[in-house]
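Notes for the structure review
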2 protein chains.
Amino acid sequence: MTDGITRLEEHRCHDGVQGFYEHASAVVGLPMRFGVYVPPQAANGTVPVLYCLAGLTCNEQTFAIKAGAQQHAAAHGLVLVTPDTSPRGTGIAEADADWDFGSGAGFYLDATRSPYAAHWRMESWLLQELPQVLARHFPVRQDRAGILGHSMGGHGALTLALRHPDRFRSVSAFAPISAPGEVPWGQKAFRGYLGEDQAAWARHDAVRLIEQGARVPPLLVDQGLDDQFLATQLKPERLEQACAAAGQPLELRRHPGYDHGYFFIQSFVADHLAHHAALLRA
Amino acid sequence: MTDGITRLEEHRCHDGVQGFYEHASAVVGLPMRFGVYVPPQAANGTVPVLYCLAGLTCNEQTFAIKAGAQQHAAAHGLVLVTPDTSPRGTGIAEADADWDFGSGAGFYLDATRSPYAAHWRMESWLLQELPQVLARHFPVRQDRAGILGHSMGGHGALTLALRHPDRFRSVSAFAPISAPGEVPWGQKAFRGYLGEDQAAWARHDAVRLIEQGARVPPLLVDQGLDDQFLATQLKPERLEQACAAAGQPLELRRHPGYDHGYFFIQSFVADHLAHHAALLRA
């Protein structure tokens with residue numbers, strides 16, 4: 001059933017529907033799961049779509065359950081899409097050995113290194129195949145897409161938008177891994193998925209992409225100052241420096257007391273949905 | 001440390017703090033866990049408290065993670081308390097055998113039957129001990145308490161308020177078990193915790209309590225019409241009949257398409273928090 005999707009769950013939510021689905025992904029070569037929230041406005045036609053990318057260890061349900069975004073999607077008339085964070089059931093034993101690499105840690109790129117190149121094709125899945133699946137089964141406007149993400153998903157939102165500037169009209173992130181080539185999580189992922197080619201790393205590093213001339217719509221980034229990964233893995237100051245040097249608009253908000261989790265995300269998700277709605281509905 | 005609490009987690013959330021705690025409960029005879037959300041208004045003094053009771057299989061984190069209530073507690077200035085749903089680690093093997101009885105299924109009463117009577121003392125914990133713990137460690141106004149609950153927790157909210165009308169100024173429920181003595185979940189719990197004494201059952205049955213003259217402030221109850229447990233376990237029409245016959249004010253809202261889960265709760269939680277705030281802050 002390469003053209004179809006399997007409905008796993010559907011729940012009415014804020015006058016719309018929060019569903020979870022699976023499809024046989026040709027690009028990944030395995031079944032892939034994703035969540036879709038369809039707001040009430042979709043009863044009258046297609047609406048803009050906001051991709052919401054989750055972080056390490058998360059799956060297609062995490063953001064949908066914990067972020068509290070549906071109420072704002074319902075207010076603004078946005079479809080929310082929450083993709084799983086990696087292929088699952090690949091049969092590669094080492095992919096399940098660590099929580100920060102492999103399963104649940106796809107880093108939103110196409111791996112080039114064996115054994116990951118066979119299935120870890122998250123960028124192709126998200127940019128090529130999933131939009132086609134969505135277009136066939138959900139009331140989305142393909143020409144009005146935004147992207148946000150958290151942590152590893154913040155890295156994904158920034159880099160996918162920077163690499164495909166024609167595809168996303170709005171971009172934001174919560175506590176993103178801003179310079180993955182400079183921090184342990186990113187270095188481990190890049191080494192495992194891409195090998196030692198530093199030029200390949202740079203093509204999936206938000207700071208390096210901006211330094212090399214890539215541009216996106218004005219960025220909104222929220223960062224908690226009690227985030228346990230702030231100094232070692234996230235480095236928002238590197239994003240700030242790169243945007244300032246490049247003239248890339250960035251609103252970086254630092255929030256005292258907030259940590260890395262979904263209680264932080266739920267506190268500011270309204271602002272992110274408003275940011276996307278303003279650009280997607282303009 | 002019978003007078004102290006152990007802090008398990010604390011997270012800044014909507015300018016307040018969502019925490020999870022454990023204390024050595026003398027009443028239960030075991031450590032008991034609970035969540036507390038303290039809103040920003042508490043920086044200026046004590047504020048009203050809303051107890052939020054969860055359903056079968058849930059724990060002290062479930063409502064705090066999934067309901068999206070903190071934003072409204074922060075807007076209205078309410079402390080939220082989310083107690084665990086049963087004792088844990090009791091050493092009673094049969095207590096872990098079923099998902100709808102024993103662990104995660106305390107039904108908010110004091111058991112009288114062996115072996116449960118030793119630890120299943122949820123009503124005494126919630127009404128006597130936990131309020132004292134809260135008063136010592138959190139900025140709560142003991143004279144301004146409300147209670148809400150979901151499913152088994154809806155049963156708990158209704159029956160605890162009906163049994164202790166001097167303790168709660170506001171009461172509401174999502175999809176409550178309205179007449180536990182008439183449905184399988186409730187009958188199983190009552191038989192296991194209370195034995196066969198039908199008079200004892202009636203003292204923990206919202207419909208029977210109302211029929212016997214108990215009264216509470218005006219009730220707000222939301223019920224999804226696609227709730228998989230509606231006809232077999234919840235029976236809101238029995239609550240409606242009892243309230244109408246007794247002159248007990250009840251606003252029972254039936255919502256087409258909504259099911260039993262937290263996507264339903266998050267859709268209407270704003271109305272519940274406003275209902276409680278209006279009565280608690282009056």
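Every value quoted in this text rests on a predicted model; they were computed, and no experiment measured them.

1. Things to note about the packing of aromatic side chains
Across all of its chains, the model carries 34 aromatic pairs over all chains by this definition. With 5.1 Å between their ring centres and 85° between their planes, Phe 101 of chain B and Tyr 116 of chain B make a pair best called edge-to-face. One end of the pair, Phe 101 of chain B, is in the loop between β5 (79-83) and α3 (122-137); the other, Tyr 116 of chain B, is in the loop between β5 and α3, and 15 residues separate them in sequence. Look at Tyr 116 of chain B and you get buried, because its relative accessible area is 0%. Here the aromatic residues Phe 101, Tyr 116, Trp 120 and Tyr 193 of chain A are joined through ring pairs into a cluster of three or more.

2. Quick look at the UniProt feature "active site" (unreviewed entry) in chain A
All names here are of chain A. In the numbering used here, UniProt assigns the "active site" (unreviewed entry) feature to Ser 151, Asp 227 and His 260. The greatest C-alpha distance among the residues just named is 10.7 Å, despite their covering 110 residues of sequence, which places them together in space. Within the element layout of this structure, Asp 227 appears in the loop between β8 (219-224) and α8 (230-234). Mapped onto the secondary structure, His 260 falls in the loop between β9 (250-255) and α10 (262-280). The class for His 260 is buried, based on a relative accessible area of 8%. Those residues in contact with His 260, other than ones at most four positions away along the chain, are His 150, Ser 151, Ala 175, Asp 227, Gln 228, Phe 229 and Leu 234. Here Ser 151 takes part through its side chain, which lies 2.8 Å from a polar atom of the side chain of His 260.

3. Quick look at the pattern of salt bridges
All names here are of chain B. Scanning the model with the defined rule gives 28 salt bridges over all chains in all. Across the pair Arg 33 and Glu 22 runs a salt bridge whose closest N-O atoms are separated by 2.7 Å. One end of the pair, Arg 33, is in strand β3 (residues 30-38); the other, Glu 22, is in strand β2 (residues 16-25), with 11 residues separating them in the sequence. Judged by its relative accessible area of 36%, Arg 33 is partly exposed. Given a relative accessible area of 21%, Glu 22 falls into the partly exposed group. Here Glu 211 and Arg 208 are joined by a salt bridge, their closest N and O atoms 3.7 Å apart. Taken as a pair, Glu 211 and Arg 208 lie in helix α7 (residues 206-211) at a separation of 3 residues, close to a single helical turn. Classification of Glu 211 as partly exposed rests on a relative accessible area of 45%. For Arg 208, a relative accessible area of 34% corresponds to the partly exposed category.

4. A short note on helix α9 (residues 236-246) of chain B
Residues and elements named next belong to chain B. Every buried residue of α9 is listed here: Pro 236, Arg 238, Leu 239, Ala 242 and Cys 243. One face of α9 carries all of its buried residues, which in axial projection span an arc of 155°. Across from the buried face of α9, at angles greater than 90 degrees, the exposed residues are Ala 244 and Ala 245. Structurally, α9 contributes buried residues whose contacts are with α4 (152-163), α7, β8 (219-224), α8 (230-234) and β9 (250-255). Two residues or fewer after α9 comes Gly 247, characterised by a positive phi angle close to 75°.

5. Brief notes about the interface of chain A and chain B
With 21 residues of chain A at the interface, the matching set in chain B holds 21 residues. Both sides together, the interface formed by chain A and chain B hides about 1800 Å², and carbon and sulfur atoms give 51% of it. Inspection of the region where chain A meets chain B yields 0 salt bridges. Seen at the junction of chain A and chain B, the total is 11 residue pairs in polar contact (both at pLDDT 80 or more). Secondary structure elements with two or more residues in the side of chain A that touches chain B: β1 (6-13), β2 (16-25), α1 (62-66), α2 (70-76) and α10 of chain A. In terms of residue class, the side of chain A that touches chain B is made up of 8 nonpolar, 8 polar and 5 charged.

Reading the values: the criteria
Residues numbered from 1 in each chain as written. Chains lettered and ligands numbered in written order. Predicted model: local features only at pLDDT ≥ 70, side-chain atom pairs only at ≥ 80, totals over all residues. Heavy atoms only, no water. Phe/Tyr/Trp six-rings, centres within 6.5 Å; stacked < 30°, edge-to-face > 60°. Helix = DSSP H or I, 4+ residues; strand = E, 2+ residues; numbered from the N terminus. Buried < 20%, exposed > 50% of the residue type's maximum accessible area, 1.4 Å probe, protein only. UniProt positions renumbered as here; feature names shortened; annotations may be inferred. Contact = heavy atoms within 4.5 Å. Polar contact = N/O pair within 3.5 Å; in protein donor to acceptor, adjacent residues only side chain to side chain. Salt bridge = Lys/Arg side-chain N within 4 Å of Asp/Glu carboxyl O. Arc of directions from axis to C-beta. Buried area = accessible area lost by both parts, 1.4 Å probe. Nonpolar A, V, L, I, M, F, W, Y, C, P; charged D, E, K, R; others polar.

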